[in-house]
Amino acid sequence: MGPLGGGGMGAVYRSLRLNETVEYAVKVLPRGGRTDADLIGNLQSEAIVADALRSHPCLANLVDHGYEDGEHYMAMGFINGERLDSRIERLSKLDELDVLLIGLRLLSAIAHIYNRGFLFRDMKPQSVIVREDAGAFLFDFGICMPLADALIDHGDTIVGSPIYFPPERILGEGEHGCSEIYSLGMVLYFAIKGSNFFTAKEINAIARQHVRNARLSTIDHKLKGIAPDIAGIIDRMIRRPMGERYQTFSEVERDMTRALQA
């Protein structure tokens, strides 16, 4: 069986422990990088973060990590579902109420991460698993960062998916809880519309669209076709100036819950 996913940082495999029926998602280093000190350090750091975040119902939870038979590994509970980007590609777009349910679970996940002293920093459809009951789970803590570090400008070190990460990451303004809210808003927009808010294919072009002031004048046009209450929530989540966005996760939860009950 091939890997569930992966890249230059490692590969994830679905596995069983001997004499058990519980399945796990096990991340190991790439074949050519099993002795690479940086890759080993990154995997160990991710495991430490995952350990600090464990036991939340909307997160993939750490089961074990360590070194055995020449492999550095990290084992998470396996979530039997479909990655959000694959689901949107298959269905073209998702029902607005389903998106709200997914959004509330992801909001709960990033609020938990924040309350444990971290920012997730990698909210994107590829980091979300969705079950048929609209249960959504966040996974992959590879670029998660302590809050104190996230507030600092990290210079030219820009990681993440530029279609979804907040403009302050490009500008070096430091990131806050409202930065996570921005990224979640971009994911919810993609789920409802079936296309991303930005259309530029080159990273530099996407970066320019993130920070230019003219983008704000196009929000109303891009949100056409979405129910007004949901469009209003997304609008406030993805405002370029941080001060114009929702400032707390509880504010977003309040408005999402109201929209769901309307």
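Use the structure listed above.
Report follows, based on the coordinates.

Conventions we followed
Residues numbered from 1 in each chain as written. Predicted model: local features only at pLDDT ≥ 70, side-chain atom pairs only at ≥ 80, totals over all residues. Heavy atoms only, no water. Core = buried A, V, L, I, M, F, W, Y, C linked by side-chain atoms within 4.5 Å. Buried < 20%, exposed > 50% of the residue type's maximum accessible area, 1.4 Å probe, protein only. Contact = heavy atoms within 4.5 Å. Salt bridge = Lys/Arg side-chain N within 4 Å of Asp/Glu carboxyl O. Pairing = 2+ DSSP bridges. Helix = DSSP H or I, 4+ residues; strand = E, 2+ residues; numbered from the N terminus. Axes fitted to C-alpha atoms, helices over the stretch in contact; angles between N-to-C directions. Phe/Tyr/Trp six-rings, centres within 6.5 Å; stacked < 30°, edge-to-face > 60°. Lys NZ or Arg CZ within 6 Å of the ring centre and 35° of its normal.

A closer look at the nonpolar core
I113, M123, L138, F141 and M237 are the most contacted members of the largest nonpolar core, which totals 65 residues. Dropping the residues within four chain positions of it, I113 is found in contact with L53, L59, F118, L119, F120, L138, F141 and C144. One finds Y24, V26, V28 and A75 within the second-largest nonpolar core, a separate group that totals five residues.

Let's talk about the pattern of salt bridges
Proximity of charged atoms lets side chains of opposite charge pair with each other. Considering all chains together, one arrives at 17 salt bridges under this definition. Linking K124 and D122 is a salt bridge whose minimum nitrogen-to-oxygen distance equals 3.6 Å. The exposure classification of K124 matches that of D122, with both residues buried. Here R236 ties to E251 by a salt bridge, and the two come within 3.5 Å at their closest N and O atoms.

Observations regarding the sheet that holds strand β8 (residues 128-130)
Pairing within the open sheet is antiparallel, and its three strands lie in the order β6-β8-β9. If you trace the sheet from one side to the other, it starts and ends with β6 (82-83) and β9 (136-138), each paired once. Across two bridges, β6 lies against β8 in antiparallel orientation. Opposite E82, over in β8, you have V130 as the bridge partner. Across the sheet, helix α3 (residues 96-115) lies against β8 and β9, angled at about 30° from β9, the strand it touches most.

Considering the packing of aromatic side chains
Evaluated as defined, the whole model comprises five aromatic pairs. Ring geometry for F197 versus F198: centroids 5.4 Å apart, planes at 85°, classification edge-to-face. Side by side, F197 and F198 carry an identical accessibility label, which is buried. Through pairs of rings, three or more aromatic residues link up here, namely Y189, F197 and F198. Its end group placed over the ring of F137, R105 keeps NZ or CZ at 4.7 Å from the ring centre.

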